[in-house]
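Residues per chain are reported as follows:
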Amino acid sequence: MVKINSIIPGSPAEKVGVLAGDLLNSINGHSVRDVLDYMYYAAETEVVLDIIRDGEQLDFNISKDEYDDLGLEFETFLMDKKQSCSNKCVFCFIDQMPPGMRETLYFKDDDARLSFLQGNYVTLTNMKQADIDRIIEMKLNINVSVHTTNPELRVKMMHNRFAGEKLKFIRQLAESGIKLNCQVVCCPGLNDGDELRRTLSDLGELMPNITSMAVVPVGVTKYRQGLFPLKTFDKKGAGETIDIIESYQREFLEKFGTRTVFPSDEFYLIAERPLPEAEAYEDYSQFENGVGMLRSLIDEFGQALDMAEWEGGKRFVSIATGYSAFGTIDMLAKQAEQKFPELRCDVHRIRNDFFGETITVSGLITAQDIIAQLKDKELGSELIIPPNMLKRDSDLFLDDLRVSDVEEALGVKLRTSGSDGFELLDAMMGIEY
Ligand code: SF4
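Anyway, here's the lowdown on the structure attached to this text.

Calculation notes
Residues numbered from 1 in each chain as written. Predicted model: local features only at pLDDT ≥ 70, side-chain atom pairs only at ≥ 80, totals over all residues. Heavy atoms only, no water. Buried < 20%, exposed > 50% of the residue type's maximum accessible area, 1.4 Å probe, protein only. Helix = DSSP H or I, 4+ residues; strand = E, 2+ residues; numbered from the N terminus. Pairing = 2+ DSSP bridges. Right-handed = clockwise from strand over helix to strand, strands pointing away. Axes fitted to C-alpha atoms, helices over the stretch in contact; angles between N-to-C directions. Parallel < 35°, antiparallel > 145°, perpendicular 65-115°, else oblique. Left-handed = near helix turned anticlockwise from the far one by under 90°. Contact = heavy atoms within 4.5 Å. Nonpolar A, V, L, I, M, F, W, Y, C, P; charged D, E, K, R; others polar. Arc of directions from axis to C-beta. Patch = residues over 30% accessible without salt bridge, like charges linked within 9 Å, V, L, I, M, F, W, Y side chains within 5 Å. Areas by Shrake-Rupley, 256 points an atom, 1.4 Å probe, with all protein chains shown as cover. Salt bridge = Lys/Arg side-chain N within 4 Å of Asp/Glu carboxyl O. Lys, Arg positive; Asp, Glu negative; His and termini not counted. Charge placed at Lys NZ, Arg CZ, Asp CG, Glu CD.

A few words on the pairing of strand β13 (residues 343-350). With respect to burial, β13 is a largely interior element, six of its eight residues being buried. Relative to β13, strand β12 (residues 315-322) is paired through eight bridges, and the arrangement is parallel. Across the sheet, residue glycine 322 finds its bridge partner in β13, namely isoleucine 350. Read as a crossover between parallel neighbours, the route from β12 over helix α11 (residues 323-339) to β13 is right-handed.

Take a look at the structure:
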């Protein structure tokens, strides 16, 4: 039974008299364990809510359109505790974070419900056959962290003796028609080279229900004392990994009409190779894994710049970004300056002293590093930062400093660059919405 916290005014549940504080026992005779059960059973047009109120059982009959929300709100989004992971992956980023950060950043979730609802990646190692059966029954598509299809290597990499045998769930899901997006965190000397070939070949057997695969290089911070000795990719290793992935792209494209597997942008940056053209990313299905972000930004910015016209007087702004995106952002800033002589846009690469210099992505830059490295610089009227430097829907950096702390320390107004190339140009030009 799940306690109903509140009822949305005007909703079907309110109209039939369900009250806050009632206990939801079942929907159409199905017990409700969590939000997935709730969403699945409540999607019907005819719904009977089995409610317990002050120890008395009551039925409420609701007629509605399919998928219309009943209007019940519960204490937590999942209607259940978040499932944590049962692994101790040798490459886990959370294990390499410094102490003292906000508590929620240390939570290791591995929850298939969040995979369906929010796109999180799950390892399947904490799942039982009944959980897999439910995914198949509900026809939920999920995102899976595969890392390797070699069972012994998966056990070693994930420090979980069940990690190898749980690979059978990937096959079972795919063969049952569930669509899977897959992710491989690639660690030099562990699951690269022939092991990566094996993984891509094995997943290729499950096409077309493996809809995409991203291969991303491992991130290594300076906080690895006592942990597995991991290396990062160098130029040669990154190039070899791209070659392997691109050879599978060609094979999959010929056989299935889609490349399916994509190296993340970081591989091209480490290998110092040009980014592929847009068509190589197809529908950008692995964008959230850093696949095609830079190509998309460059193309959008180019389109925006073609259409843009300068209004007003001179403008001087600065941009703060990580080492990996610096070359691209600097190139775009120079393109804008060339078209608009009134604009000066200085781009600053911020070294990641907080996590260590090997961490180069902008999403892991902290406010304290920005302040320390820009405090003596001339920054102009605004400092532009990418939105992924801030916690979603907040003004909080990873180190819990706020936008206002940086503004005060540097004496400059901060603004985020938005989520695409169009909004980046708007930020450079000072266009407000
Ligand atoms: S699955 Fe592995 S990488 Fe993910 S949180 Fe758990 S230990 Fe860390």
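This part covers the packing of helix α7 (residues 193-204) against helix α8 (residues 235-256). Contact pair α7 / α8: the axes reach a minimum separation of 10 Å and the direction vectors enclose 20°. One way to sum up the angle between α7 and α8 is to call them roughly parallel. The way α7 lies across α8 gives a crossing that is right-handed. The residues of α8 that touch α7, namely those facing Gly193, Leu196, Arg197, Leu200, Ser201 and Gly204, are Thr241, Ile244, Ile245, Tyr248, Phe252 and Phe256. The residue makeup of the contact of α7 with α8, split by class, is seven nonpolar, four polar and one charged.

In this section: helix α6 (residues 167-175). For α6, the full list of buried residues reads Leu167, Phe169, Ile170, Leu173 and Ala174. Buried positions in α6, seen along its axis, are confined to an arc of 150° and lie on one side of it. In the core, the buried residues of α6 are packed alongside α4 (129-138), β8 (142-145), α5 (151-158), β9 (180-186) and α7. Where α6 ends, the next residue or the one after it, glycine 177, has phi of about 90°, a positive value.

Let us now look at the sheet that holds β12. Read across the open sheet, the four strands follow the order β13-β12-β14-β15; overall the sheet is parallel. Either end of the sheet is taken by a strand with one partner, and the two such strands are β13 and β15 (413-416). Going across the sheet, the axis of each strand differs from the next one's by a mean of 30°, ignoring polarity. Each of β12 and β13 touches α11; the most contacted strand, β13, lies at about 175° to it.

Together, Glu44, Asp65, Glu66, Asp68, Asp69 and Glu73 give the surface a local cluster of negative charge. Checked against the element boundaries, glutamate 73 lands in strand β6 (residues 72-74).

Summed over all chains, the structure comprises 30 salt bridges. Arginine 171 is paired through a salt bridge with glutamate 175; the nearest N and O atoms lie 3.1 Å apart. Of the two residues, arginine 171 and glutamate 175 both sit in helix α6, four residues apart, roughly one turn of that helix. Residue arginine 171 is classed as partly exposed on the basis of its relative accessible area of 36%. The class for glutamate 175 is exposed, based on a relative accessible area of 58%. The partner of arginine 315 in a salt bridge is glutamate 382, and the shortest N-O contact between them spans 2.6 Å.

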